[in-house]
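Chains, contacts and geometry: an overview
Listed below, chain by chain, are the residues.
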Amino acid sequence: MIRQAKGKTPRRPPLKKPSNNQKDPVGVYCRVRPLGTEDEECCIEVISKTTIQLHAPDGLKANRNGEFKETQYSFKKVFGIKTTQRELYEDVAKPLVEDLIHCKNGLLFTYGVTGSGKTHTMTGSPGQGGLLPRSLDMIFNSISPYQAKRYVFKPDDKNGMEVQNQVDALLDRQKRDSQTNVPKTPTTRRIDPEFADMISPEEAFRADGVDEDSSYSVFVSYIEIYNNYIYDLLEETPFDPIKPKWNGVGTPLRNNTEFIPPQSKLLREDQNHNMYVAGCTEVEVKSTEEAFEVFWRGQKKRRIANTQLNRESSRSHSVFIIKLAQAPLDADGDNVLQDKNQVNVSQLCLVDLAGSERTSRTRAEGSRLREAGNINQSLMTLRTCIEVLRENQMCGTNKMVPYRDSKVTHLFKNYFDGEGKVRMVVCVNPKADDYEETLLVMRFAEMTQEVEVARPVDRPICGFAAGRRQRNQVFKEELTRRLEERGGPVNGESTTLSQLLLSFPSLPPCEIGGPNDDITLPRLIEALEKRHKIRQMMVDEYNKTANMLKSMLQEQDGNLVAKENFISEQHGRLGEKDKMIQNQKNEIDRLEKKSKMLEYKIDILQKTSNIHEEDKRTLQHELESREQRLQRELSDKRRMESRMQGIVCDTKLKWEKECERRVNAKQLEMQNKLWVKDEKLKQLKAIVTEGKSENRQPQRPSREKDKVPPKRSASPTPVPTVPPVRPLHRRSHSAGGERWVDHKPTTNVDLDTLMQPNLPNAIKVTAASEKALSKCDKYVLTHQEVASDGEIQTKLIKGEVFKTRGGGQSVQFTDIETLKQESPVSASRKRRSSESGPSHEGERMDGDWTDVETRCSVAVEMRAGSNLGPGYQHHGYPKRKKP
Ligand code: ADP
Ligand code: MG
């Protein structure tokens, strides 16, 4: 807010900038214009009320390795192609105008690529007035009943506003009237048809809460910033014959002056540290039409300058400033209070920025290229300022914002540094050609939304009682009515007075004829007395009226006081309510914070519990798998146990049997050995005895019974020690069937062999018997022994019986038949023993069957016919060799 110099005033506390820590983000709106008739590809889609989506055009996609790119950008609001100017105005500019009327500053700018609709949005197109004419419409629609007379407010040249006294204002008005032949009543003026259809007062909005006890005045300025120079578009450039004409070409303006190149203006800072364009024309306007006409004049001038100076208009920024001055009426509610301190000036800047494209749209050559660079520079500075501001606000840093680097940013420094509402309409053209530039625009716009600007505070209420204007009106009306009642003429105060004077009796001729003239004086005296009487009557009447007025005033005063009391009471209540609201707001804030905190905690807890749940699941899973493994191992173990038990049982039984069998076999073997020895002895004995008798008898086969050695058993020997002498005398070969001695020792084991010798008429003996031999000519001995594989084998040793010379019997062995039984168990046991190697059975075997050597030694023992079973402790015994 632009304030005047502070002065001492008893009525009001000094104007201090109220501390304000409430901030609002820059309001960024997005407007999408319709696609041009020649454009085909649309790159923008409005996907919600606040979001648009950009699609990369086909050509670009191919360039970027076919990468398909879609980006979304969100704004405070997005306006699609069907949005009307009125809708846009209502959302975007209306609040700013309301603020302006309530003494708050505002800044609204349009940003975008050339051709995106910035000017269409800000100024409008024929038949479709933009934000600027609509803002003017709303301002005048709201304040026109309370406008001050022209020149009551007068801008000083230091960005301030003064209040002129009535006389000076009147003089200025008369001067203006004489200079221009403006008709007295502006409403009857013809509107320029060029822009007539851009103003639509019938559509105008009206602001609420306009202070009726204030007087208002609107001032407009219009500047252009080109190539970082500021030009005043409303400056009346008088014809200057000394200055050379620009380019030698003069273009006559409407007021028939030749074209003079504009002089650039400087930026200054006023005493309240607000930036302003020094010496800039501020035109006081009293209606929308007048204001827009002024704007249009500036616009024309701009166009002419651009043509004359060969400039590109899209590369300049145009700034239209609407200043609203307001000051309270005096206590009578009659005139504007003559107090500079009570003047409030608020301003709304409407900025149509230069096209944001990086290079000139049209061919930029030579100096124009340089200009283009500078224009870019100012938009670059704007971007940098926004960036730094955002960083400072977000990170709490205190970097210097380079406002001074360009005129645009420098001029609007106070909006970002101080207070006010800042809004931006980002205009976009959905055509494919603009895609890349539009992306940059979107990024800048999104960033801008993150910058916050201090919220403007409410204007303090002036110390006078409210309703002054209305009371003054009422009083004036009442006075007029009463004077009418009295029958007097009512055409103003001065006429009433002169007519009253006319109603006085006229004075008689006052020329005295001579010393004796005694008629003239008495007539004069009489007339004067009459006049005096009338005067007296008038004085009385006047006093009466004055008294009446006094009482009326007093009455009014009473009413006023009552109303004031009521108002102050209401104020008090309002204050209380405000406090309550504030408290509740604080409470809401606190609760919101708390709820956010709790939500955050819940979130964390949820996450933790999720992690724990996950842990639990994995652990449970692990537990289950371990349990399963355990179960499996247990069942394995049980199975193995039962198998082992079976094996142990089997082995035990087998070995018991085996042992028994071996013991028997050994016994048999020993008996056989004994028998053989016996037999040898017998044969030796026989030889000895035969040798004695042979000395007396020739040696021949003998059948003598008495010379039989005392005990002889026909036991076969594998190698008969005494070979029989051939040819020997056989007993009989023709005896029609041989007779056998079947010798089966009792130690023999019955093996249930199928192939048993079939010997009919055989004499069965269990021991060698001479008697049996003498009766037979054939002999068979069934001999059992343990074979090399440990099995019992049965041998049938056959022989022929011969009579010895001594009369005994001798057997000559002729044939050995072997019967052998094989047990499948031994083979399977062997196999099993190899199966149950340490690699398969593991620790379970480390009792008896630990190593191969031990088992071999056992096997060797068994093969050797050992009677030691596997149950015997063989471990650690050295391997025994087969004897
Ligand atoms: P800029 O100022 O951004 O360069 P303009 O406002 O001059 O662009 O717009 C270029 C053209 O597009 C103008 O002819 C204008 O009438 C048209 N245009 C822009 N926006 C719209 C819109 N929203 N609806 C219809 N026409 C539009
Ligand atoms: Mg434009």
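Here the structure is a predicted model, which means the values were calculated and not measured. Throughout this document, residue positions are counted from 1 along each chain, in the order its sequence is written. For naming, the first written chain is A and the first written ligand is 1, with later ones following in the order written. The predicted nature of this model means local features are confined to residues of pLDDT at least 70 and side-chain atom pairs, given and counted, to a pLDDT of 80 or more, with totals for whole chains, interfaces and linings taken over all residues. Note that the side-chain values use all heavy atoms of the structure and ignore hydrogens as well as water.

**Brief notes about the overall build of the protein chain**
Regarding its fold elements, the protein chain presents 18 helices and 26 strands. Taken across its 883 residues, the protein chain has 41% of its residues classed as buried. For the accessible areas, the method is Shrake-Rupley and the probe is 1.4 Å, while residue cover comes only from the protein chains on display. Carbon and sulfur atoms make up 53% of the accessible area of the protein chain, which totals about 52,200 Å². Under the DSSP-based scheme used, a helix requires at least four consecutive residues in state H or I and a strand at least two consecutive residues in state E, with every element numbered from the N terminus. For each residue, the accessible area found with a 1.4 Å probe, counting protein chains only, is set against the maximum for its type, and the residue is called buried under 20%, exposed over 50%, and partly exposed in between.

**What to know about the environment of Ala331**
Within the secondary structure, Ala331 sits in the loop between β18 (317–328) and β19 (344–352). Along the primary structure Ala331 and Ala465 are separated by 134 residues, whereas in three dimensions their C-alpha atoms are 7.8 Å apart. Any two residues whose heavy atoms approach within 4.5 Å at even a single point are treated as in contact. Look past the residues within four positions of Ala331 in its chain and what remains in contact with it is Phe464 and Arg468.

**Describing the sheet that holds strand β3 (residues 44–46)**
If DSSP finds at least two bridges between two strands, the strands pair. What the 3 strands build is an open sheet, ordered β3-β4-β5; its pairing is antiparallel. With partners counted over all chains shown, the strands left at the sheet margins are β3 and β5 (70–74), one partner each. With strand direction ignored, the average angle separating the axes of adjacent strands in the sheet is 25°. Axes here refer to lines fitted to C-alpha atoms; in helices the fit is confined to the stretch in contact. Angles between the N-to-C directions go from 0 to 180 degrees. The strands touched by helix α11 (residues 435–448) within the sheet are β3, β4 (51–55) and β5, with β5 carrying the most contacts at an inclination of about 35°.

**Description of α11**
Note: α-helices contain 3.6 residues per turn, so residues at a spacing of three or four share the same orientation. Every helix has an expected span of 1.5 Å times one less than the residues it contains. An ideal rise of 1.5 Å per residue puts 20 Å on 14 residues; α11 measures up with 20 Å between its terminal C-alpha atoms. Where burial is concerned, most of α11 is hidden: 10 out of the 14 residues are buried. Inspection of α11 places Tyr435, Glu437, Thr438, Leu439, Val441, Met442, Phe444, Ala445, Met447 and Thr448 among the buried residues, and these make up the whole buried set.

**A few points about unusual backbone geometry**
Located in the positive-phi region is Asn227, a residue other than glycine, with phi close to 55°. With respect to the helices and strands, the residue Asn227 is situated in the loop between β12 (214–226) and β13 (229–232). Of note, the phi angle at Asn310 is positive, near 55°, even though the residue is not glycine. Within the element layout of this structure, Asn310 appears in the loop between α7 (288–308) and β18.

**Things to note about the site of ligand 1**
One heavy atom suffices: a residue is near a molecule or strand as soon as one of its heavy atoms comes within 4 Å of it. What surrounds ligand 1 is the set Arg31, Arg33, Pro34, Val113, Thr114, Gly115, Ser116, Gly117, Lys118, Thr119, His120 and Ser125. We call two N or O atoms a polar contact when they sit within 3.5 Å, provided that within protein one can donate a hydrogen and the other can accept it, with sequence-adjacent residues counted only if both atoms are side-chain atoms. In this structure, an oxygen atom belonging to ligand 1 sits 2.7 Å away from a side-chain N or O atom of Thr119. A distance of 3.4 Å separates an oxygen atom of ligand 1 from a polar atom in the side chain of Ser125. Here the residues of the shell around ligand 1 sort into 2 nonpolar, 7 polar and 3 charged. In this classification, Asp, Glu, Lys and Arg are treated as charged, Ala, Val, Leu, Ile, Met, Phe, Trp, Tyr, Cys and Pro as nonpolar, and every other residue, Gly included, as polar.

**Comments concerning the sheet that holds strand β22 (residues 740–743)**
Pairing within the open sheet is mixed, and its 5 strands lie in the order β23-β22-β24-β25-β26. Across the chains shown, the open sheet's two edge strands, defined by having one partner strand only, are β23 (763–765) and β26 (809–820). Neighbour-to-neighbour, the strand axes of this sheet turn through a mean angle of 25°, independent of strand direction.

**A word on the pairing of β18**
Judged by how many residues are buried, β18 sits mostly within the fold: 12 of 12 residues are covered. Residues His317, Val319, Ile321, Lys323, Ala325 and Ala327 of β18 are buried on one face, and the alternating residues Ser318, Phe320, Ile322, Leu324, Gln326 and Pro328, pointing to the opposite face, are buried as well. Pairing of β12 with β18 involves 12 bridges; the strand directions are antiparallel. Bridged to Ser217 within β18 is Ala325. Pairing analysis gives 9 bridges linking β18 to β19, with the strands arranged antiparallel. Paired with Gln326 across the bridge in β19 is Asn344.

**Observations concerning the environment of Glu387**
As for its position among the elements, Glu387 is in helix α8 (residues 366–395). By relative accessible area, which is 40% here, Glu387 ends up partly exposed. Spatially, the C-alpha atom of Glu387 lies 8.4 Å from that of Val451, the residues being 64 residues apart in sequence.

**A word on the confidence of the model for the protein chain**
For the protein chain, the average pLDDT comes to 80, and 76% of its residues sit at 70 or higher. Under a pLDDT of 50 for its full length, residues 489–495 has, in the predicted model, 5 contacts with residues more than four places off or in other chains. Scored between 0 and 100, pLDDT is the confidence that the predictor attaches to each residue.

**Overview of the packing of helix α5 (residues 131–143) against α7**
One way to put it is that α5 packs onto α7 with a least axis distance of 9 Å and a crossing angle of 150°. In terms of orientation, α5 lies roughly antiparallel with respect to α7. Where α5 crosses over α7, the two elements pack in a sense that is right-handed. For the pair α5 and α7, the contacting residues are Leu132, Pro133, Leu136, Asp137 and Phe140 in the first and Thr288, Ala291, Phe292 and Phe295 in the second. Across the contact of α5 with α7, the residue classes break down as 7 nonpolar, 1 polar and 1 charged. Reported orientations rely on four angle classes, namely roughly parallel under 35 degrees, roughly antiparallel over 145, roughly perpendicular from 65 to 115, and oblique for the rest. Whether a crossing is left-handed or right-handed is set by the direction in which the near helix is turned from the far one by less than a right angle, anticlockwise for left-handed and clockwise for right-handed.

**A short note on the packing of aromatic side chains**
Any two rings among Phe, Tyr and Trp, with Trp reduced to its six-membered ring, count as a pair given centres within 6.5 Å; such a pair is stacked if its planes are under 30 degrees apart, edge-to-face if over 60, and tilted if neither. In this structure the tally under the stated criterion is 14 aromatic pairs. Relative to Phe295, the ring of Tyr222 has its centre 4.8 Å away and its plane inclined at 35°; by these criteria the two rings are tilted. In this pair, Tyr222 sits in strand β12 while Phe295 sits in helix α7, placing the two residues 73 residues apart along the sequence. The two residues Tyr222 and Phe295 agree in class, both being buried. Their ring planes at 80° and their centres at 5.6 Å tell us that Tyr222 and Phe320 sit as a pair that is edge-to-face. Note that Tyr222 is positioned in strand β12 and Phe320 in strand β18, a separation of 98 residues in sequence. Clustering of aromatic rings is evident, with ring pairs tying together Phe195, Tyr222, Phe292, Phe295, Trp296 and Phe320. As a reminder, the over-ring test applies to NZ of lysine and CZ of arginine, requiring each to be within 6 Å of the ring centre and within 35 degrees of the ring normal. Over the ring of Trp296 we find Arg303; its NZ or CZ atom is 5.7 Å from the centre of that ring. Taking NZ or CZ as reference, Arg311 lies 4.3 Å from the ring centre of Tyr226, over its face.

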